[in-house]
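These are the residues of each chain, in order.
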Amino acid sequence: MAISFNKRENEKKKQQKKLEKQKRKEVRKESGKSSFDDMIAYVDENGMITSTPPDMRQKEEIEQDEILISVPKREEEEAVIRRGRVEYFSSSKGYGFIKDMANTDKYFFHISDAPQNIAEGCMVTFDLEKGNRGMNAVNIVISDKDIVV
């Protein structure tokens, strides 16, 4: 079987590439510098990347007792008295909704957080507490005995 001219040329090119690769490998070995050393980078005390290792003689000693781990103190919030109107209440289901007078938000409340004589249209004061599905009205107190319709 005869080998065509193109196949011979391709074989020669492959052999030439192998020889060039081998020569480059030998040159790298002779230079004595490892490629791993070229890849190492250091971070200085300012967070800048450098190629020089840090000077361990300038290391600052920190005592373990001086490190403070804590959460900032919570500032006292003023107690906001929220006023609202009972918009919906079902004693058979045991829950209702209060519409805040300051804004138009509605808050869910459970009968266990409400007084016995609560009804739709009552003006109430209440506090808010985070519930499963949002803010809930708690500590509900009827402020006016008059029912507003």
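Use the structure listed above.
Nothing here was measured: the structure is a model prediction, and the numbers come from that model. Just so you know, the residues in each chain are numbered from 1, in the order the chain's sequence is written. Only residues with pLDDT of at least 70 are given local features in this predicted model, and only at 80 or more are side-chain atom pairs given and counted; all residues enter the totals for whole chains, interfaces and linings. Only hydrogens and water are set aside when side-chain values are computed; all heavy atoms of the structure are taken into account.

**Student:** Can you break down unusual backbone geometry residue by residue, with the values?
**Tutor:** Non-glycine residue Asn139 carries a positive phi angle of around 50°. Helix numbering and strand numbering both begin at the N terminus, where a helix is a DSSP run of H or I of at least 4 residues and a strand a DSSP run of E of at least 2. Mapped onto the secondary structure, Asn139 falls in strand E7 (residues 135-147).

**Student:** Residue-level account of the pairing of strand E3 (residues 82-90), with values.
**Tutor:** Pairs of strands are assigned from DSSP output, requiring at least two bridges between the strands. Relative to strand E6 (residues 122-130), E3 runs antiparallel, the two sharing 4 bridges. Looking at E6, one finds that Arg83 is bridged to Thr125. Two strands pair when backbone bridges link them, and E3 and strand E4 (residues 95-100) are joined in this way by 6 bridges, in the antiparallel orientation. Along E4, the bridge assignment pairs Val86 with Ile98. Where E3 folds back on E4, the antiparallel hairpin that results is connected by 4 residues, among which Gly94 adopts a positive phi of roughly 85°.

**Student:** How would you summarise the pattern of salt bridges if you had to cite specific residues and measurements?
**Tutor:** What makes a salt bridge here is a side-chain nitrogen of Lys or Arg within 4 Å of a carboxyl oxygen of Asp or Glu, nothing more. Inspection of every chain in the model, using the stated rule, returns 3 salt bridges. A salt bridge links Arg82 to Asp100, with the shortest nitrogen-to-oxygen separation between them at 3.3 Å. Here Arg82 is found in strand E3, whereas its partner Asp100 is found in strand E4, with 18 residues between them in sequence. Using a relative accessible area of 25% as the deciding quantity, one classes Arg82 as partly exposed. Taking the shortest distance from any N to any O, the salt bridge between Lys106 and Glu87 comes out at 2.8 Å. Here the residue Lys106 occupies a position in strand E5 (residues 106-110), and Glu87 occupies one in strand E3, the gap between them amounting to 19 residues. Burial classes: relative accessible area under 20% of the type maximum marks a residue as buried, over 50% as exposed, and values in between as partly exposed (1.4 Å probe, protein chains only). By relative accessible area, Glu87 is classed as partly exposed at 26%. One salt-bridge network, held together by shared partners, links Arg85, Glu87 and Lys106.

**Student:** Residue-level account of the environment of Val43, with values.
**Tutor:** Within the secondary structure layout, Val43 lies in strand E1 (residues 42-43). C-alpha separation for the pair Val43 and Pro54, spaced 11 residues apart in sequence, amounts to 8.0 Å.

**Student:** Give a detailed account of the layout of surface pockets, specifying residues and quantitative values.
**Tutor:** Of the pockets and cavities examined, the largest pocket occupies roughly 170 Å³. Here a cavity denotes grid points, spaced 1 Å and computed from the protein atoms alone, that fit a 1.4 Å probe unable to get out, and a pocket denotes an open set having protein on both sides within 12 Å along at least 5 of 7 lines; residues with an atom within 4 Å of a point are the lining. For the largest pocket, the full set of lining residues is Val43, Asp44, Glu45, Pro54, Asp55, Met56, Gln58 and Lys59. Grid points are joined across faces, edges and corners, and a volume is the space filled by probe spheres set on the points.

**Student:** An account of the nonpolar core is needed here, citing residue identities and associated values.
**Tutor:** Among the nonpolar cores identified, the biggest contains 13 residues, and Val86, Ile98, Phe109, Ile118, Val124 and Ile140 are the most heavily contacted of them. Where this core is concerned, the elements lending two or more residues are E3, E5, E6 and E7. We call two residues in contact whenever any of their non-hydrogen atoms come within 4.5 Å of each other. Once residues within four sequence positions are removed from consideration, Ile140 is found in contact with Ile98, Phe109, Asp113, Ala114, Pro115, Ile118, Val124, Thr125 and Phe126. Here, nonpolar core means buried Ala, Val, Leu, Ile, Met, Phe, Trp, Tyr and Cys residues that are tied together by side-chain atoms lying within 4.5 Å of each other.

**Student:** Which residues make up a positive patch on the surface, and what are the values?
**Tutor:** On the surface, a cluster of positive charge is made up of Lys21, Arg24, Lys25, Arg28 and Lys29. Relative to the helices and strands, Lys21 is located in helix H1 (residues 5-31). Patches in this entry comprise residues that are over 30% relatively accessible and not in a salt bridge; like charges within 9 Å are linked, as are nonpolar side chains (Val, Leu, Ile, Met, Phe, Trp, Tyr) within 5 Å. Calculation of accessible area relied on Shrake-Rupley with a 1.4 Å probe; when residues are assessed, cover is drawn exclusively from the protein chains displayed. Charge counting follows a simple rule: Lys and Arg are positive, Asp and Glu are negative, and His as well as the terminal groups are ignored. Here the site of a charge means atom NZ of a Lys, CZ of an Arg, CG of an Asp or CD of a Glu.

**Student:** So what about the packing of aromatic side chains? Which residues, and what values?
**Tutor:** We call Phe, Tyr and Trp rings a pair once their centres come within 6.5 Å, taking the six-membered ring for Trp, and we label the pair stacked below 30 degrees between planes, edge-to-face above 60, and tilted otherwise. One pass over the structure, following the stated rule, counts 7 aromatic pairs. Aromatic side chains Tyr88 and Tyr95 sit 6.2 Å apart centroid to centroid with 50° between the ring planes, which places their arrangement in the tilted category. The class for Tyr88 is partly exposed, based on a relative accessible area of 32%. Classification of Tyr95 by relative accessible area gives partly exposed; the value is 25%. Here the aromatic rings of Tyr107 and Phe126 are separated by 5.9 Å at their centres, their planes lie at 55°, and the arrangement is tilted. Of the two residues, Tyr107 sits in strand E5 while Phe126 sits in strand E6, which places them 19 residues apart along the sequence. Grouping residues by exposure puts Tyr107 and Phe126 together as buried. In textbook terms, an aromatic cluster arises when at least three aromatic residues are bridged by ring pairs, as seen for Tyr88, Tyr95, Phe97 and Phe108.

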